Structures are given as structure tokens and as C-alpha cells.
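Descriptive analysis of the structure
Read off the chains here:
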Amino acid sequence: MSTQPTGTETGGSTYRFQDLEAKWGPVWEELGVFTPKDDGSAERRYVLDMFPYPSGDLHMGHAEAFAMGDVVARYWRQRGYDVMHPIGWDSFGLPAENAAIKRNAHPAEWTYANIDTQAASFKRYAISADWSRRLHTSDPEYYRWTQWLFTRFYEKGLAYRKDHPVNWCPKDQTVLANEQVVNGACERCGTPVTKKSLNQWYFKITEYADRLLQDMEQLKGHWPERVLAMQRNWIGRSEGAHVDFVIEAAGERPEHKVTVFTTRPDTLHGATFFVVAADADLASDLVTEAHRAELEAYQEQVKALSEIERQSTEREKTGVFTGRYAVNPLNGEKLPVWAADYVLADYGTGAIMAVPAHDQRDLDFATKFGLPVRAVLDTGEEDPAVTGLATTGEGILVNSGELDGLSKAEGIARAIEMVEAAGTGERTVNFRLRDWLLSRQRFWGTPIPIIHCAECGEVPVPDEHLPVRLPDNLRGEQLAPKGTSPLAAAEEWVNVPCPRCGGPARRDTDTMDTFVDSSWYFLRFVSPQYTEGPFDPEAAARWMPVGQYVGGVEHAILHLLYSRFFTKVVHDLGLVPFTEPFSALLNQGQVLNGGKAMSKSLGNGVDLGEQLDKFGVDAVRLTMVFASPPEDDVDWADVSPSGSGKFLARAWRLAGDVSSGAGADPASGDRALRAVTHRTVADCAELLDSGKFNVVVARLMELVNATRKAIDSGPGAADPAVREAVEATAVILSLFAPYTAEDMWSLLGHEPAVANAGWPAVDPALLVQDTVVAVVQVQGKVRDRLDVPVDITEEALRELALASEPVQRALDGRGLRTVIVRAPKLVNIVPA
RNA sequence: GCCCCCAUGGCCCAAUUGGCAGAGGCAGGGGACUUAAAAUCCUUGUGGUGUGGGUUCGAGUCCCACUGGGGGCACCA
């Protein structure tokens, strides 16, 4: 007899996942069961998985993430909500361009071919997506509105250009946002990043720093705490003061006012020198002619460092004297002004007052260059000048004039009052967050809709001329990175008349970072065919915010912060009533193999397609969900897709065994099995609401085991309670294993689709037990178990417990000190 | 260096939020069926919850310290 390696057989029928996948895929396709009604007949809910980048076919990571999102979508649908669960592609980006260069092709060819591959895989994977809302960010119909939004940002002053030292990836030949630099290297290719001074486009996300921080209050409890912590960290709010220092005139150089940011104004009297960022214009402005050559040599030296070297905290401090002196506004002391690279040009004001006694970096610098150290806060520790360790704790101010005797906190408050009174400073809040550098010198992205005119300057492309389409005549080598955008080479595309004056003008040749595209796609999904704007505001108000967002924690800062920013701007434009895009966030874990992330270099990759061929879609999906809590990593070496397959076969066989007719009244069925069924349904709902998907599967396995037992050695296959149990199993299983569940539903005599069967009703009467087992402890040790009525009184239970023979034996004649009674479950007797 | 999370049978993981440590699965042992095997079914768990303290009648759960693992930030003034 020939057997399928994965088939299991009983009573003449065999579970073959291949057959089920072939049978039900087309049926669902025809039914279109996953398009929301959007008619107000049910409460709307929006479930969204972070849309994929089309790099080849789907992989194990997609399989996990989308399995999780689909559990939520399918559960909510069973609960009767009108669920929107769309799918699309983040289809602009460098890999397509690199592939095009290599194959002398257009990036669109590679991109759309991969999208087709992934779309087919998603269908096989039975994601309950609404395919009618499908979008691709590289479609002109989409990026038209990315450009439209850019124009709105521009009009509000939230998109601007500036000359600034930027992160430059020498390999990708493009600039990078701060968020895309990881440990001094390009997050995409790992190449050490260098600095380059360029004129680039920025979004003024810093203007929203406070709101991005404040509004996280709404997300608490619904977003993973660590994501909120990372964003908080990234925004980096710090309270302190701006203090003005006057730089004395020196020879040909006039007097100059420089503001510093400090979190420790209480230590103003401890400032012994002053430092400006070496790479800031300020350094060159201040330096005297006598010191200019030295500064310039130093600046060259700084520029030559890679970001990795520059960020090393091991590195010795370097710097040069500028020949100038700053006057301490509090005590009139003259402080030498140095230029150094440990002060950052783009944090605070790019200049600091150095207090070596109470700041380790300043102390290291002072030690290196023989500058004085003066402690002004007595912390009870040894003198930093002697130990080389700056003191940063609490203490009492000394050597600080009228601040003497105050605590650190009092000193900070008083010092701010003093500079404010003197008009030389003010309380302020500073953020670590920098503006978002959005322009890229590459081809395959959204063109920046700006025209540069010699007469009119920057002129936005009028809305009615959008989209600014990418030229389609560039391919292969013409797209090779050369440090300027390949678009610049498309002369007939670049040269256009100025929309304002009609004179000769040139298009901006940079494209947008793909994170711009993905910062609003969740809005486009609410009305993907809308032509009057990026989205229909009414549809957005109906569907948004997203009720459950699912994706990897690698986007904790980048995508999620940018999307929050975009949503706030769109809110300020009056287009949406809400200020946060994602009410709840689930970060699914990674799929590992043998304790490590799958990677080509380790050779431990697992191919999703092979797994699906071998075990079936349902078994792979079930394995992903059952392996661990959703947010934990899944190690493919530790799990058993074949075990999942066995369970599915076991569940499926139940449906074939049911011998009562569809519609049989369960009321007459076996009460014990009914109680298990209803308990399971009730518990699963609670578990799904709290995201414990793995436990739901475990509970479902229990139900299947109980049902098997009922058929084989209980009331038998004809008992209506068995049908009730199997129907509940099919519905719950449909969240994880849609093919198997659908076939069970069909075997039970129902029409498709089980996805719309509705969550089983729970009869509360079946959840209450009339007796429970009460545990009787003596000194915390279990001595007896009593069958008692659930509603037993404390007194009655106490009496029963004390009367128990094993308890009396354990007490051994000792008297009672305390008896704790928690009716009906527990009695703890403490002997005297 | 700073911050956050985690630690339960050989492994992946539950434990109604302070009340009997073990639900589910994997692996392993035993058995039924079979000429045999596969498949299927039945059956099988002293590890006391990383370590040391503490609170409590009672701690996997709360508090403190430590160890181990994972993650984030890191010249941010």
C-alpha cells in the first residue's frame, strides 16, 4: 500500500494537506470573503501587518509575522467586527536599483516580478487579506500623493533644505538619516559611514519632538514598553538652560555672543574653559588669525576620522585653542575657548561650558591639556582633580558665591533665576532628536516635486502636475551610483519651465527616502483608489487608527516614529481627527535556527517554500503561533511542524467521525463534554484578547483530546455534544489553520466559509460547576481534599476542614493559631 | 558605563495575577493493533520554579541583592 509521508489515515479517509490547499484556495478566491462591508452594519476594525519589501519571495520571518496578524484579523472577524486587513508593498528602494544595474534592466521589472511572486505566496499562505486594496508605493498613483504630502509639508515649512555635514555611505553613494546609521555604519550594507557637507532636504520632525513624546501616554499599555522606551530614548528630552557667554574681542575679531546648553547651571562657577564643536562654522568664525592654521589642520584631522572611530569613547580627547576667551556671565571669569570634536555640532548649540570637576568628558579634556579643575559641588567624594573621576551625584554647592550651601536641585533652580534676571539665559528643554534627512541620491524612489528656478528659487510642482513621474528611459549602468542622483542625467526630464515665471528651470533630482513612502501607507489603505487626495478623510475617520499593528521590533524607531510624525502633521492639516496612527502594536519575535538568526553566511537558512511543501501551510502557521508567545523568538530547531501536522490530522478526523446531523440540538448532549467545550471557547476568547495565541492552541489541543475520548470511550460519535465540540474546534482552528478548518466545516455539513461562521456562543450555565475540590493545608502542606459545593460558606468549610481525619492527624493534638479560609477552594490551618 | 526585558521537567512553554507547580507540545519510556513496520490509539513526569535573603498563614508570582542570557543607548553637555 502506498502511503503519503504526511498523510494520516483512519476509517478510509486520509488527511492530505495538499488536497485541502488545492480545494479551498479557489473557493475563497471566488467568495471574496475578506473584503470589509464598510456599511456600518458592524463595528469596524483595522488590522495591519507591516507591509513587505519585495526582495525575492517570502521568508520565514514573513510567515511568522503574517501568521500573527492573521490570527487577530480572523479572530475579530469571528467576533462579528467588520475587519479591514489590507496588503500592499513597500516597493521603492535600493535593492531593486542594484539588481537593475547588474542585469541592465529597469528597477520596475525586478520589483514587480517579486511582488507577483510574493502575492502568490501570500495567497497560498491563506492570509485573510482584502486584495482589492492592494497598493505599491512605486506606482505613480501612489507616489503622486507622497509628493502631494511633501508639498503640504513644504508649504508649512516642515520640508526645507540646508547645508550640513551629513552621514554618507560610500558604498551606496547616498546620504543616510541618523536613524539609518548603526554604530557608525550604514544599516543597510554595513559600510562605515563618513561625513560630507551637502545641501539636503529635511523634514522638521524636531518641531514635533514634544508631541511625539507626550502622545506616547496614549500608547502605554498597548505598545510594548521597550518600543516606547526606545523612542523616548531616541527623542532624548533633557531639561536645562541656555546661558549666553560673551566671547571677548581679540585683535581683528569682534566681540561675539555664544549660547550654550547645559543641564547643570548649578555648576556655572565650576566652568574653567569653553568648548565649541570643531566642525561647526562657529569654530572658524571665532578663531584668531594666529590660531587659524592650527584649527584648520585639526579640522582636517577630524574629518578624516570615520564615524566609528569618532564615536569611540576609548579615544583620547583632542582639540585646539582658538585664541579667544569667553566671559562667565555669573562671575565674570575669563575662560579659554577651545575647539574639540567631543562637542557635537548638531546637539544643543554646538558649544558648551566645560565643568571638569562634574563632567567626566570635560575632566578628561582638562587633564589632557592641563586646564584647571574646580569642584563646586561637595558630594563627599574625593577631589576630582586628584582622582580623575568627575563627581555627578548629589551634594552641597561650594565656591559658588551666593549659590553656596544650596543642594544640586536648588542650585539649578537658583542659577536659572539668576541668568534669567540678568537677561543672559533662560530655562529650556533640549532634544536629542535631529531633523529627518529625507533626500537620497538614487533613482528608484519618489521624485522630490520641486523645481529650481534661477529667478524664483525653489518652486513646488503645482498639485495638478503631480505626479512627477520617474523617467522610464534610464536603465542598467545609467543608474549606477555616482554621488549625484542618476536622474540628473535625464536631461529632457530635468529641464522644465518654471511653473511660476515660465523661464528655464531644473527639476530637483533627488528622490525621497523610502521611509517617506511607508509613513502614510496605512492611510492610503482606507481608500486606495481615491483620486481627490492621498486618502478619503471620511474613510480615514471611519477606519483609523489601526486597531492592531503587527511587525518587527527593528522598526521600533525608524518607521514607527516617522509614521507617528506624519500622522500628527496630517492631523494638523485638518485631514484626520486622530493624532496617533496605531492604537496597539505587537512586535512578533524573529525566527531563528539553532539559536541564531538565519543568514546566508551562517548557512542556516530555512526556506519557507520547502517547509510549506513538506508540512503544509496550516502546519507551518500553527507551528509559528504555538511555538511561544507572539513576541518571543521562534527557534525552528526547537519546534515540530510535523507535530503540528499530526495535531491537525487529529482534529480533522474528528469532523469525519461526527455522526449526528448538522443542526442537532446540543442541549441533549453529554454535559461533561459540553462543559469542556464552553469553558474552552470562553477561555480562548480571553486569551486571544490578551494576545496569548500559543496558549489558545494548547487549549484547543485539550478540547480535541477530550472530544476524541468522548467519541472513543464516552458518549460516542452520535452525541450532539460531540458535534458541538468539533464545530467549536473548527471555528477556533480557523484562526490558525484555515484550510483544515474549512474542510472540517465542510465535513460537518456547512457551506463555506468557516471564516464567517461566527464565534461560538458560550452558555454561562455550562461554565459553573456545582462542586469543587477544596484543598486543606496544615502549615501550607496539603493534607486533604474535599468535594464541596461552590457556594459553601466559610464557616461550613472551616468546620469540614477541621473535622477531616488526615488534618486531625497532622495537627497531632496541637491547638489552632490561625485558620485561613478562602471558600470554596482552600483552607490553611496554622497550629499553635 | 547607563537603561530595559527574561530565567519553571531534557527542550519549547502554561499556571485564573499571592492559594494544590504542570495545562499543551517535542523528545524519551511502556503498552494495544500488525507476520513485521508505518500510521493510529492508550499510558508514563519529585523539577519545587537561576542563587541568596526578606514580607506573608501561604511566594513561580511581591521586595532587596547577586548570577546568567537577550536587547537598546552610548563623547547628547
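Residues numbered from 1 in each chain as written. Chains lettered and ligands numbered in written order. Predicted model: local features only at pLDDT ≥ 70, side-chain atom pairs only at ≥ 80, totals over all residues. Heavy atoms only, no water.

**Details of the overall build of chain A**
In terms of regular secondary structure, chain A is built from 28 helices and 36 strands. The long-range fraction of contacts in chain A, counting pairs at least 24 apart against all pairs at least 6 apart in sequence, stands at 72%. As presented, chain A carries roughly 34800 Å² of accessible surface, and 49% of it is formed by carbon and sulfur atoms. Taken as two groups, the 83 positive and 116 negative side-chain charges of chain A have centres that lie 2 Å from each other. (Helix = DSSP H or I, 4+ residues; strand = E, 2+ residues; numbered from the N terminus. Contact = heavy atoms within 4.5 Å. Areas by Shrake-Rupley, 256 points an atom, 1.4 Å probe, with all protein chains shown as cover. Lys, Arg positive; Asp, Glu negative; His and termini not counted. Charge placed at Lys NZ, Arg CZ, Asp CG, Glu CD.)

**Quick word on the protein's contact with RNA strand B**
The full set close to RNA strand B counts 48 residues, and Thr 263, Tyr 347, Arg 361, Met 701 and Arg 785 are the nearest of them. Between Arg 315 and RNA strand B, the recorded distance is 2.4 Å, taken from a side-chain N or O atom to a base nitrogen. With respect to RNA strand B, the side chain of Glu 702 contributes an N or O atom lying 2.6 Å from a sugar or linking oxygen. Looking at which element gives the most residues to the surface near RNA strand B, the answer is helix H24 (residues 693-713), with seven residues. (Near = heavy atom within 4 Å. Polar contact = N/O pair within 3.5 Å; in protein donor to acceptor, adjacent residues only side chain to side chain.)

**A closer look at the environment of Thr 137**
With respect to the secondary-structure elements, Thr 137 resides in the loop between strand S6 (130-136) and helix H5 (140-155). Thr 137 sits 308 residues away from Gly 445 along the chain, and the two C-alpha atoms are 8.9 Å apart. When near neighbours in sequence (up to four residues on either side) are disregarded, Thr 137 contacts Phe 51, Trp 89, Asp 90, Ser 91, Phe 92, Tyr 142, Tyr 143 and Asp 517. Polar side-chain contacts of Thr 137 include one of 2.9 Å to the backbone nitrogen of Ser 91.

**What about the confidence of the model for chain A?**
The predicted model of chain A averages 91 in pLDDT, with 98% of residues at 70 or higher. For the stretch residues 1-12, pLDDT sits under 50, and the model shows 16 contacts to residues farther than four places along the chain or on other chains. (pLDDT = per-residue confidence, 0-100.)

**Some words on the sheet that holds strand S24 (residues 457-460)**
Reading across the sheet, the four strands line up as S24-S23-S26-S25 and stay open at both edges, with antiparallel pairing between neighbours. Sheet topology places S24 and strand S25 (495-497) at the edges, where each strand pairs with a single neighbour. The average angle at which neighbouring strand axes cross in this sheet is 40 degrees, direction not considered. Relative to strand S26 (residues 504-507), S25 runs antiparallel, the two being bridged by three bridges. Bridge pairing in S26 links Pro 497 to Pro 504. (Pairing = 2+ DSSP bridges. Axes fitted to C-alpha atoms, helices over the stretch in contact; angles between N-to-C directions.)

**Thoughts on helix H25 (residues 720-733)**
The end-to-end C-alpha distance of H25, which contains 14 residues, comes to 20 Å, matching closely the 20 Å that a straight helix rising 1.5 Å per residue would cover. Within H25, 14 of the 14 residues are buried, which leaves the element mostly enclosed by the surrounding structure. (Expected span 1.5 Å × (residues − 1). Buried < 20%, exposed > 50% of the residue type's maximum accessible area, 1.4 Å probe, protein only.)

**Things to note about the pattern of salt bridges**
What the rule picks out here adds up to 48 salt bridges. A salt bridge links Glu 43 to Arg 45, with the shortest nitrogen-to-oxygen separation between them at 3.9 Å. Between Glu 155 and Arg 152 there is a salt bridge, with the nearest N and O atoms lying 2.9 Å from each other. Note that Glu 155 and Arg 152 are positioned in helix H5 at a spacing of three residues, about one turn of the helix. Taken together, the shared-partner salt bridges in this structure form one network comprising Glu 252, Arg 253, Glu 289, Arg 292 and Glu 296. (Salt bridge = Lys/Arg side-chain N within 4 Å of Asp/Glu carboxyl O.)

**Description of helix H3 (residues 94-103)**
Three or more residues of H3 are buried, namely Leu 94, Ala 96, Glu 97, Ala 99, Ala 100 and Ile 101. Looking at the packing, one finds that the buried side of H3 touches helix H4 (107-124). Positive phi shows up at Asn 104, right after H3, with a value of about 50 degrees.

**Things to note about the UniProt feature "domain: Aminoacyl-tRNA synthetase class Ia" (unreviewed entry) in chain A**
When the UniProt feature table is mapped onto this chain numbering, "domain: Aminoacyl-tRNA synthetase class Ia" (unreviewed entry) sits at residues 433-636. A helix fraction of 25% and a strand fraction of 17% characterise residues 433-636, whose end C-alpha atoms lie 38 Å from each other. (UniProt positions renumbered as here; feature names shortened; annotations may be inferred.)

**Topic: unusual backbone geometry**
For the peptide bond that leads from Leu 466 to Pro 467, omega is 5 degrees, which places it in the cis range. Tracing the sequence through the fold places Pro 467 in the loop between S24 and helix H15 (491-494). Here the amide bond leading from Ala 823 into Pro 824 is cis, since omega sits at -5 degrees, within 30 degrees of zero. Here Pro 824 lies in the loop between strand S35 (816-822) and strand S36 (826-831). If you check the backbone angles, Asn 104 has positive phi at about 50 degrees while not being a glycine. When you line up the elements, Asn 104 lands in the loop between H3 and H4.

**Quick notes on the pairing of strand S14 (residues 273-277)**
Along S14, five of the five residues are buried, which leaves the element largely enclosed by surrounding structure. The two faces of S14 match: Phe 273, Val 275 and Ala 277 on one face and Phe 274 and Val 276 on the other face are all buried. Across four bridges, S14 lies against strand S16 (residues 334-340) in parallel orientation. Its bridge partner lying in S16, Val 276 is registered against Ala 339.

**A word on the packing of aromatic side chains**
The description of an aromatic ring pair uses the distance of the two centres, along with the angle that the planes make with each other. The full count for this structure, using the stated rule, is 41 aromatic pairs. Relative to Trp 652, the ring of Tyr 15 has its centre 5.6 Å away and its plane inclined at 65 degrees; by these criteria the two rings are edge-to-face. Remark: Trp 652 occurs in helix H22 (residues 641-657) and Tyr 15 occurs in strand S2 (residues 13-15); sequence separation between them is 637 residues. In terms of burial, Tyr 15 and Trp 652 fall into one category: buried. Cluster of aromatic residues (ring-pair linked, three or more members): Phe 150, Phe 153, Tyr 154, Trp 201, Phe 203, Tyr 208, Trp 436, Phe 515, Tyr 562, Phe 565 and Phe 566. (Phe/Tyr/Trp six-rings, centres within 6.5 Å; stacked < 30°, edge-to-face > 60°.)

**Things to note about the environment of Val 821**
Along the chain, Val 821 falls in strand S35. Judged by its relative accessible area of 7%, Val 821 is buried. Sequence separation between Val 821 and Glu 491 is 330 residues; the distance between their C-alpha atoms is 87 Å.

**Focus on the domain arrangement of chain A**
Each domain of chain A was delimited in the assignment, giving domain 1 (29-141 + 525-602), domain 2 (146-210 + 228-233 + 436-514), domain 3 (237-431), domain 4 (639-766) and domain 5 (771-831). A straight line from the C-alpha centre of domain 4 to that of domain 5 covers 38 Å. (Domains from an automatic or database assignment.)

**Observations concerning the sheet that holds strand S32 (residues 634-635)**
The three strands lie next to each other as S31-S30-S32, forming an open sheet whose pairing is mixed. Edge positions in the open sheet fall to strand S31 (596-597) and S32, since each of these has one partner strand only. Note that strand S30 (residues 591-593) and S31 share two bridges and pair antiparallel. Pairing of Leu 592 across the sheet is with Ala 597, part of S31.

**Quick notes on the nonpolar core**
Judged by nonpolar contacts, the single largest core of 91 residues is most densely connected at Tyr 46, Phe 150, Phe 203, Trp 436, Leu 523 and Phe 565. Residue-level mapping places this core at the junction of two domains, with at least three residues from each of domain 1 (29-141 + 525-602) and domain 2 (146-210 + 228-233 + 436-514). Among all residues touching Trp 436, those that are not within four sequence positions of it are Ala 177, Trp 201, Tyr 202, Phe 203, Ile 205, Asp 513, Phe 515, Val 516, Ser 519, Tyr 562, Phe 565 and Phe 566. Val 625, Val 658, Val 704 and Trp 745 belong to the second largest nonpolar core, which has 89 residues in total. (Core = buried A, V, L, I, M, F, W, Y, C linked by side-chain atoms within 4.5 Å.)

**A closer look at the side chain of His 559**
Topologically, His 559 is positioned in helix H19 (residues 558-572). Filtering out sequence-adjacent residues up to four positions away, His 559 remains in contact with Met 50, Phe 515, Ser 518, Tyr 521 and Tyr 549.

**Quick look at the environment of Thr 367**
By the secondary structure assignment, Thr 367 is in helix H12 (residues 360-369). The spatial distance from the C-alpha of Thr 367 to the C-alpha of Pro 356 is 8.8 Å, given a sequence separation of eleven residues.

**As for the packing of helix H21 (residues 617-626) against H22**
Taken N-terminus to C-terminus, the directions of H21 and H22 make an angle of 110 degrees; their axes are 8 Å apart at the nearest point. By the angle class used here, H21 and H22 are roughly perpendicular. Seen from above, H21 lies across H22 with right-handed handedness. Each of Asp 618, Ala 619, Leu 622 and Thr 623 in H21 lies in contact with H22, whose residues at this interface are Pro 641, Ser 644, Gly 645, Phe 647 and Leu 648. For the contact of H21 with H22, the class distribution of residues is five nonpolar, three polar and one charged. (Parallel < 35°, antiparallel > 145°, perpendicular 65-115°, else oblique. Left-handed = near helix turned anticlockwise from the far one by under 90°. Nonpolar A, V, L, I, M, F, W, Y, C, P; charged D, E, K, R; others polar.)

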